[in-house]
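If you want the building blocks of each chain, they are given just below.
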Amino acid sequence: GMSGVETLRHLHGICPGVPVYIVTAFYGEFLEPLRAIQDEGIPFDLARKPLALDEIRTIVDSVMGTQMVTA
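Residues numbered from 1 in each chain as written. Predicted model: local features only at pLDDT ≥ 70, side-chain atom pairs only at ≥ 80, totals over all residues. Heavy atoms only, no water.

Colleague: Any chance you could explain the overall build of the protein chain here in plain terms?
Modeller: The number of helices and strands found in the protein chain is 3 helices and 2 strands. Reading the protein chain from its N terminus to its C terminus gives the helix and strand order α-β-α-β-α. Projected onto its principal axes, the C-alpha positions of the protein chain cover 40 × 25 × 25 Å. Considering only residue pairs separated by 6 or more positions, the protein chain has 52% of its internal contacts joining residues 24 or more positions apart. Carbon and sulfur atoms make up 58% of the accessible area of the protein chain, which totals about 5,300 Å². Seen as two clouds, the 5 positive and the 9 negative side-chain charges of the protein chain have centres 3 Å apart. (Helix = DSSP H or I, 4+ residues; strand = E, 2+ residues; numbered from the N terminus. Contact = heavy atoms within 4.5 Å. Areas by Shrake-Rupley, 256 points an atom, 1.4 Å probe, with all protein chains shown as cover. Lys, Arg positive; Asp, Glu negative; His and termini not counted. Charge placed at Lys NZ, Arg CZ, Asp CG, Glu CD.)

Put into structure tokens, the structure is as follows:
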């Protein structure tokens, strides 16, 4: 029942060090709430849909500090 912005705030409250990537096709609709989150000092990165598999791998690699094995 929470919006993505509310979920981000809640997640940051219980696990402040977890990296968060927001993936959305509706960036423009959430621009103001996302700016407010940044102003609160809550870190996140943003990716816009559609995402290709190699983009998802890059995000995971950057978060995990590893390179994924591909089949």
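Colleague: Could you clarify how one ought to interpret the pattern of salt bridges in this entry?
Modeller: Pairing of side chains with opposite charge becomes possible as their charged atoms draw close. Here the structure, examined in full by the defined rule, presents 2 salt bridges. For Glu40, the salt bridge identified is with Arg9, shortest N-O distance 2.6 Å. Here Arg9 lies in helix H1 (residues 4-14) and Glu40 lies in the loop between helix H2 (31-39) and strand E2 (45-48), a separation of 31 residues in the sequence. Since its relative accessible area comes to 43%, Glu40 is described here as partly exposed. For Glu32, the salt bridge is made with Arg35, and the minimal N-O distance between the two is 3.3 Å. Here Glu32 and its partner Arg35 are both found in helix H2, 3 residues apart, which amounts to about one turn of the helix. Judged by relative accessible area, Arg35 falls into the partly exposed class, the value being 42%. (Salt bridge = Lys/Arg side-chain N within 4 Å of Asp/Glu carboxyl O. Buried < 20%, exposed > 50% of the residue type's maximum accessible area, 1.4 Å probe, protein only.)

Colleague: Before we go on, may I ask you to explain the pairing of strand E1 (residues 21-24) in this structure?
Modeller: Moving residue by residue along a regular strand, the side chains alternate between the two faces of the sheet. Residues Ile22 and Thr24 of E1 are buried on one face, while the alternating residues Tyr21 and Val23, pointing to the opposite face, are not. In the sheet, E1 pairs with E2 via 4 bridges, with the strands oriented parallel. Directly across from Ile22, in E2, lies its bridge partner Leu46. Following the backbone out of E1, through H2 and into the adjacent parallel E2, one traces a crossover that is right-handed. (Pairing = 2+ DSSP bridges. Right-handed = clockwise from strand over helix to strand, strands pointing away.)

Colleague: Even after reading the chapter, I still don't get helix H3 (residues 53-64), so can you show me in this structure?
Modeller: Three or four residues apart is the spacing at which side chains of an α-helix point the same way, because the helix has 3.6 residues per turn. Here H3 spans 16 Å end to end across 12 residues, near enough to the 16 Å set by a 1.5 Å rise per residue. Phi turns positive one or two residues past the end of H3, at Gly65, with a value near 70°. (Expected span 1.5 Å × (residues − 1).)

Colleague: In this structure, what is going on with the nonpolar core? I would like to understand it.
Modeller: It is characteristic of soluble globular proteins that their nonpolar side chains tend to be buried jointly. Among the nonpolar cores identified, the biggest contains 8 residues, and these are Val5, Leu8, Val20, Ile22, Leu34, Ile37, Ile42 and Phe44. Every element with two or more residues in this core is listed here: H1 and H2. (Core = buried A, V, L, I, M, F, W, Y, C linked by side-chain atoms within 4.5 Å.)

Colleague: Could you clarify how one ought to interpret the packing of aromatic side chains in this entry?
Modeller: Working definition: an aromatic ring pair is given by the centre-to-centre distance plus the angle between the planes. All told, the structure shown has 0 aromatic pairs when counted by the stated rule. Taking the ring centre of Tyr27 as reference, the NZ or CZ of Arg48 above it sits at 4.1 Å. (Phe/Tyr/Trp six-rings, centres within 6.5 Å; stacked < 30°, edge-to-face > 60°. Lys NZ or Arg CZ within 6 Å of the ring centre and 35° of its normal.)

Colleague: Would you explain unusual backbone geometry in this entry?
Modeller: Outside of glycine, negative phi angles account for most residues, and trans bonds account for most peptide bonds. Pro50 follows Lys49 through a cis peptide bond whose omega is -5°. You can see Pro50 is positioned in the loop between E2 and H3.

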